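# Notes for the structure review
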Amino acid sequence: MSVLVSEEKAATSSGQKQWVFLFNELDKAEAACNAKDWEDVRAFLGGKGANLFEMTRLGLPVPPGFTVSTEACNAYLAANHEFPAGLWEQEVAAMHEIEKLVGRRFGDPSNPLFVSCRSGAKFSMPGMMDTVLNIGLNDETAAGMIKLTGDPRFVYDSYRRLIQMFGSVVMGVADEPFEEVISEQKKKSGVKNDVDLTAEDWMVIIERFKALVKAYKGMDFPQDPYKQLEMATRAVFNSWFGKRAIDYRNATGIRHDLGTAVNIQTMVFGNMGDDSATGVAFTRNPVDGTKELYGDYLINAQGEDVVAGIRNTLPIARLKVDMPEAFAQFMEIVTKLENHFQDMQDVEFTIEHGKLWMLQTRSGKRTARAAIKMAVDMAEEGLISKQVALTRVTPEQVDQLLHPQFSAETKAKARKEGSMIVSKAVNASPGAAVGMAVFDADTADEWGKAGKAVIMVRPETKPDDVHGMIAAKGILTSRGGATSHAAVVARQFGTPAVCGAEELEIDVDHRMMHVVVGDTRVEIREGDWISLDGGTGEVFLGKLATQEPDFENEAELNKLLRWADEIRKLGVWANADYPKDAERARRYGAQGIGLCRTEHMFFEEDRLPIVQEMIMATSRARRLSALERLLPVQRHDFEGLFRAMDGLPVIIRLIDPPLHEFLPGYNELVADLTDLKVQLQHFHSLSEIDHALAQVRQKEDILNRVKALSEANPMLGLRGDRLSIVMPEITEMQVRAILEAAIHVKKDGIDVHPEIMVPLAGHVNELKYVKEIVDRVAAEVFAEAGTTVDFKYGSMVEVPRAALTADQMAEVAEFYSFGTNDLTQTTFGMSRDDAESKFLMEYTEKGILPTNPFQQLDRDGVGKLIDMTVHLGRSTRPDMHMGICGEHGGDPSSIEFCHMVGLNYVSCSPFRVPIARLAAAQAAIKHG
């Protein structure tokens, strides 16, 4: 039975909620959602729908259509997949309006109208939800269309596409059986490509497609056009919670409650012969940001052929030769669109018998390098402001740009050794990737989650592959161009990708691929290592070494970060334990050292035996002897840091971890002792026995010391400032080393600013006790040197009691630094190592915690303690300097919070300093 309803019933009744809007009803849509800005319109109509409305308003050639709002989707999902009242009647009424606009009727064999049905959420999710083309075709309208066009091949090609897409997307039939039918028919007809199949071939395929649908679903392919439309609308709504859409939103941080709009648009056909075409283009190069038109098209094809990567495409520049008039109009339109939206646009177009139609525009996905170059170029062109430019680049993109790369020398050596297997494919997404070849998304996901580096290899990727693409270090396809699904998704996630490597013979079933290198046929099986360069389109056998990028030569990035420095309020410091780390941090723009962990220096090979001797000492005298030998070593380390940070502050944390961490583990010692005692039974000479017995006694001494130092909960045991109180001689040595180093470099003209920081303090009396030690040693050093240096004395805030009594602590401490890793552990009452290995992932997956609190600062709990510390501390010491030095110092969300509560700086890894500089500027822009 037809689901078509009468026009009277279809009319929207007075007062009924409006779910459906024609492309020329932007004003009505804005009123319906009470739009305050364009973002509200995008949320209501979806990004695709909103831009179709805007292009229509601009007078561009957009095929008429209508949009079903995201509100309708959410209402449908909330009502157990039932259309809300009035929705279907409004869709039918809107279809009648389209019929009037185009002069054709939906379902009329004598003058048929066909439409597409596409998803469109607020944020672009390319390929993640469903699309159906050619809705309205059936046996009767196909016959009528043949009479009208005289082109049965075009009509049957379009009809089979509808059955294939509808069967797969709407009815849930796997896509592979359809493709097998086409392959069999091509083989039978002796042709290689789809375009070579005749009308008669497509007629055979259509009947087999119908039989497939009947066999798999137990029902006929629907012939009623309105039934097709209704089912397609439901399918798009349902696809919002499809697995690939959920995976994509999880990976990109898009909320799950936004819903998708449905866009119904009059079909225009790019597969009507050699004067018809379809394509996708970007107004600037999405790979490197160059101001040039970039994209692909196909003659005599439909849009899915381009993005699916099933046919290798033509470069967009060639359209100027093939269809010069359409190309000239196209250039005029895309220039207008970029200027109007003030951003690089990703457009889809179709040319039908020489007439250009614009099907979509949206802000295009881009690589990290392209995002940075476009932001800087557009600001310098006057298209956007510097502030807008800073918001166009994400901190994650800065991170991606600074990922390791292959050096020219490494690749040259690989070429010389004959390990290059692909020399010139499409450089779809830049970056170096090294991993094991896998041939399906599920394996890529499984191996990736197990910690293996994988490169996903496919003939072409599909939206259902997205979970594997997210897990992979790189993507390699043998088909598809620069705008294929693989290329677009790879650029979205910053994953290196090489597409269209036609020389590869990929055998997914047998999990292997072949390629001819010179005169040799090379076989690569699943698990074999390969390396790819997404910036050049090259692929190599084996594991190529990578190197750090040259930050100082990244001109656009450095310019953007200088703009960020002009705007941000937060300082950006770095965590650095060695001079080389400090030098790198300074090159990356650090304004100080926020954390130098002195214990890291103790683990060096030449120092560890002395440290262990100090720990093993049974008397103060022996402990002091070992510390005297450590003193010049520590002093030398600090001198290097002060020289690297000439003119900038350096915060040095006194020893923090429990002493047992510097000794071998208990189980290791027991095993060594057992081995030694077994060996002892086989020695015969007195010297061998004496030597072995000495080793046994030494190991037993260490074992006894490890037992003595062992604690039930070492994280909350004898560590941090407690060590300074119980073993003050360690602190005395460290303070002397810091201040002597400062005096030495000061004499050489270095502008030195040392700051001494006490870890784990939770009571003001602890700070007072350690300060007496610091002041006494400082007086001794200054008297011996005959000069002084200014230094500050401060405390880490790592336990809740420090935050609760921050006003008291500030009577002694001149600055605070939040050790957010330990503060998170002590606030939640969980060990990070145990939590992350045992239950924390399950907590985030089940929504018990929104994110991992060790990666993104917990604002509601830990954040309240930080805010409390800021207010209490400054109530005692109004100009008190405060920052964070935990891992959160490099996390953009945490940096935003630090700006909001009024911290002075964040301190992070040297490699994350550029990220923090941008994130701090974005926080300042967002919060004024």
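All values derive from a computational prediction rather than experimental measurement.

## Observations concerning the pattern of salt bridges
- If you walk through the whole model with that rule in mind, you get 71 salt bridges.
- Close ionic contact of arginine 568 with aspartate 565 constitutes a salt bridge, the shortest N to O distance being 2.9 Å.
- What makes arginine 568 buried here is its relative accessible area of 11%.
- Here aspartate 565 falls in the partly exposed class, since its relative accessible area comes to 29%.
- A salt bridge links glutamate 836 to arginine 832, with the shortest nitrogen-to-oxygen separation between them at 3.3 Å. Note that glutamate 836 and arginine 832 are positioned in helix 35 (residues 832-838) at a spacing of four residues, about one turn of the helix.
- Given the relative accessible area of 13%, arginine 832 is considered buried.
- Here the residues in one salt-bridge network are Arg635, Glu732, Arg736, Glu740, Arg776, Glu780 and Glu784, joined through shared partners.

## Some points on the sheet that holds strand 23 (residues 538-541)
- Across the sheet, eight strands lie side by side as 13-23-22-15-16-17-18-14; this open sheet has mixed pairing. Edge positions in the sheet fall to strand 13 (420-422) and strand 14 (426-429), since each has one partner strand and no second. Sheet twist, expressed as the mean angle between neighbouring strand axes with direction ignored, is 35 degrees.
- In the sheet, strand 13 pairs with strand 23 via two bridges, with the strands oriented antiparallel. Considered in strand 23, the bridge of methionine 420 is made with phenylalanine 540.
- In this fold helix 18 (residues 408-416) packs onto strand 13, strand 22 (529-533) and strand 23, with an angle of close to 65 degrees to the strand it touches most, strand 23.
- Where helix 21 (residues 485-493) meets the sheet, it contacts strand 14, strand 17 (474-477) and strand 18 (497-499), and its direction lies at approximately 40 degrees from that of strand 14.

## Observations concerning the state of the cysteines
- Enumeration according to the criterion identifies zero disulfides in this entry.
- Just so you know, cysteine 117 is unpaired, no disulfide at all, and the nearest cysteine sulfur is the one on cysteine 73, 12 Å from it.
- The exposure class assigned to cysteine 117 is buried, which follows from its relative accessible area of 0%.
- You can see cysteine 596 has no disulfide; the closest cysteine sulfur is in cysteine 885, sitting 11 Å from it.

## Quick look at the side chain of aspartate 465
- Tracing the backbone shows aspartate 465 in the loop between strand 16 (454-458) and helix 20 (466-471).
- Among residues more than four places away in sequence, those in contact with aspartate 465 are Ala441, Met456, Arg458 and Glu460.

## Comments concerning the packing of aromatic side chains
- The tally for this structure, following the rule as stated, stands at 20 aromatic pairs.
- Residues tyrosine 76 and phenylalanine 237 carry aromatic rings whose centres are separated by 5.1 Å and whose planes lie at 40 degrees to one another, so their mutual orientation is tilted. On the criterion of sequence distance, the pair formed by tyrosine 76 in helix 4 (residues 70-78) and phenylalanine 237 in helix 10 (residues 225-239) is long-range, its members being 161 residues apart. Of the two residues examined, tyrosine 76 and phenylalanine 237, each falls in the buried class.
- Judged by centre distance (5.5 Å) and plane angle (85 degrees), the ring pair of phenylalanine 166 and phenylalanine 221 falls under edge-to-face.

## Some points on the pairing of strand 17
- Burial along strand 17 is two-sided: Gly474 and Leu476 and Ile475 and Thr477, pointing in opposite directions, are all buried.
- Bridging between strand 16 and strand 17 involves four bridges; their strand directions are parallel. Within strand 17, the residue paired with methionine 456 across the bridge is isoleucine 475.
- Taken together, strand 16, helix 20 and strand 17 constitute a β-α-β crossover, and its handedness is right-handed.
- One ladder, built from two bridges, connects strand 17 with strand 18; its direction is parallel.

## So, the environment of methionine 614
- Considering the arrangement of structural elements, one finds methionine 614 in helix 25 (residues 608-616).
- Between the alpha carbons of methionine 614 and isoleucine 702 there is a distance of 12 Å; along the sequence they are 88 residues apart.

## Some thoughts on the sheet that holds strand 7 (residues 260-266)
- Strand order in the open sheet formed by five strands is 1-2-7-5-6, with antiparallel pairing between adjacent strands. If you trace the sheet from one side to the other, it starts and ends with strand 1 (20-22) and strand 6 (131-135), each paired once. Neighbouring strand axes in the sheet, compared pairwise and without regard to direction, differ in orientation by 20 degrees on average.
- Direction of pairing for strand 2 (residues 65-68) relative to strand 7: antiparallel, over a ladder of four bridges. Paired with phenylalanine 66 across the bridge in strand 7 is isoleucine 264.

## Re the nonpolar core
- Grouped together as the largest cluster of nonpolar side chains are 132 residues, with contacts concentrated most on Phe638, Phe642, Leu739, Tyr816, Ile866 and Leu903.
- Of the residues forming this core, the biggest block, 10 residues, is contributed by helix 30 (residues 728-747).
- Among residues more than four places away in sequence, those in contact with leucine 739 are Ala778, Val781, Phe782, Val789 and Phe791.

## Comments concerning the environment of asparagine 765
- Note on placement: asparagine 765 falls in helix 31 (residues 764-785).
- The spatial distance from the C-alpha of asparagine 765 to the C-alpha of methionine 809 is 8.5 Å, given a sequence separation of 44 residues.

## Regarding the side chain of asparagine 138
- Mapped onto the secondary structure, asparagine 138 falls in the loop between strand 6 and helix 6 (139-149).
- Classification of asparagine 138 by relative accessible area gives buried; the value is 5%.
- Among the polar contacts made by the side chain of asparagine 138, one reaches the main-chain amide nitrogen of threonine 141 at a distance of 2.7 Å.
- Of note is the side chain of asparagine 138, whose polar atom sits 2.6 Å from the backbone oxygen of glutamine 223.
- Leaving out residues up to four positions away in the same chain, asparagine 138 has contacts with Tyr159, Gln223, Pro225 and Gln228.

## Concerning the environment of glycine 500
- Examined against the element boundaries, glycine 500 turns out to sit in the loop between strand 18 and strand 19 (505-507).
- When its relative accessible area of 15% is taken as the criterion, glycine 500 is described as buried.
- Between the C-alpha atoms of glycine 500 and glycine 481, which are 19 residues apart in sequence, the distance is 5.8 Å.
- Not counting the four nearest positions on each side in its chain, glycine 500 is found in contact with Ala425, Thr477, Ser478, Arg479 and Gly480.

## What to know about unusual backbone geometry
- With a phi close to 65 degrees, asparagine 134 is a non-glycine residue in the positive phi region.
- Within the secondary structure layout, asparagine 134 lies in strand 6.
- A positive phi is found at asparagine 300, a non-glycine position, where the angle reads about 55 degrees.
- Turning to its location among the elements, asparagine 300 is positioned in the loop between strand 9 (294-299) and helix 12 (303-307).
- Taking the relative accessible area as the measure of exposure, asparagine 300 reaches 16% and is therefore buried.

## As for the confidence of the model for the chain
- Residues with a pLDDT of 70 or more make up 97% of the chain, whose mean pLDDT is 90.
- Long-range and interchain partners of residues 1-14, a stretch whose pLDDT sits below 50, account for 19 contacts in this model, where long-range means more than four residues apart.

## A few points about the pairing of strand 16
- With respect to burial, strand 16 is a largely interior element, five of its five residues being buried.
- Of the two faces of strand 16, both are covered, the one formed by Val454, Met456 and Arg458 as well as the one formed by Ile455 and Val457.
- In this structure, strand 15 (residues 432-438) lies alongside strand 16, joined through three bridges in parallel fashion. Within strand 16, the position partnered with alanine 437 by the bridge is isoleucine 455.
- At this point the chain moves from strand 15, through helix 19 (residues 441-449), to the parallel strand 16, and the crossover so formed is right-handed.

Calculation notes
Residues numbered from 1 in each chain as written. Predicted model: local features only at pLDDT ≥ 70, side-chain atom pairs only at ≥ 80, totals over all residues. Heavy atoms only, no water. Salt bridge = Lys/Arg side-chain N within 4 Å of Asp/Glu carboxyl O. Buried < 20%, exposed > 50% of the residue type's maximum accessible area, 1.4 Å probe, protein only. Helix = DSSP H or I, 4+ residues; strand = E, 2+ residues; numbered from the N terminus. Pairing = 2+ DSSP bridges. Axes fitted to C-alpha atoms, helices over the stretch in contact; angles between N-to-C directions. Contact = heavy atoms within 4.5 Å. Disulfide = S-S within 2.5 Å. Phe/Tyr/Trp six-rings, centres within 6.5 Å; stacked < 30°, edge-to-face > 60°. Right-handed = clockwise from strand over helix to strand, strands pointing away. Core = buried A, V, L, I, M, F, W, Y, C linked by side-chain atoms within 4.5 Å. Polar contact = N/O pair within 3.5 Å; in protein donor to acceptor, adjacent residues only side chain to side chain. pLDDT = per-residue confidence, 0-100.

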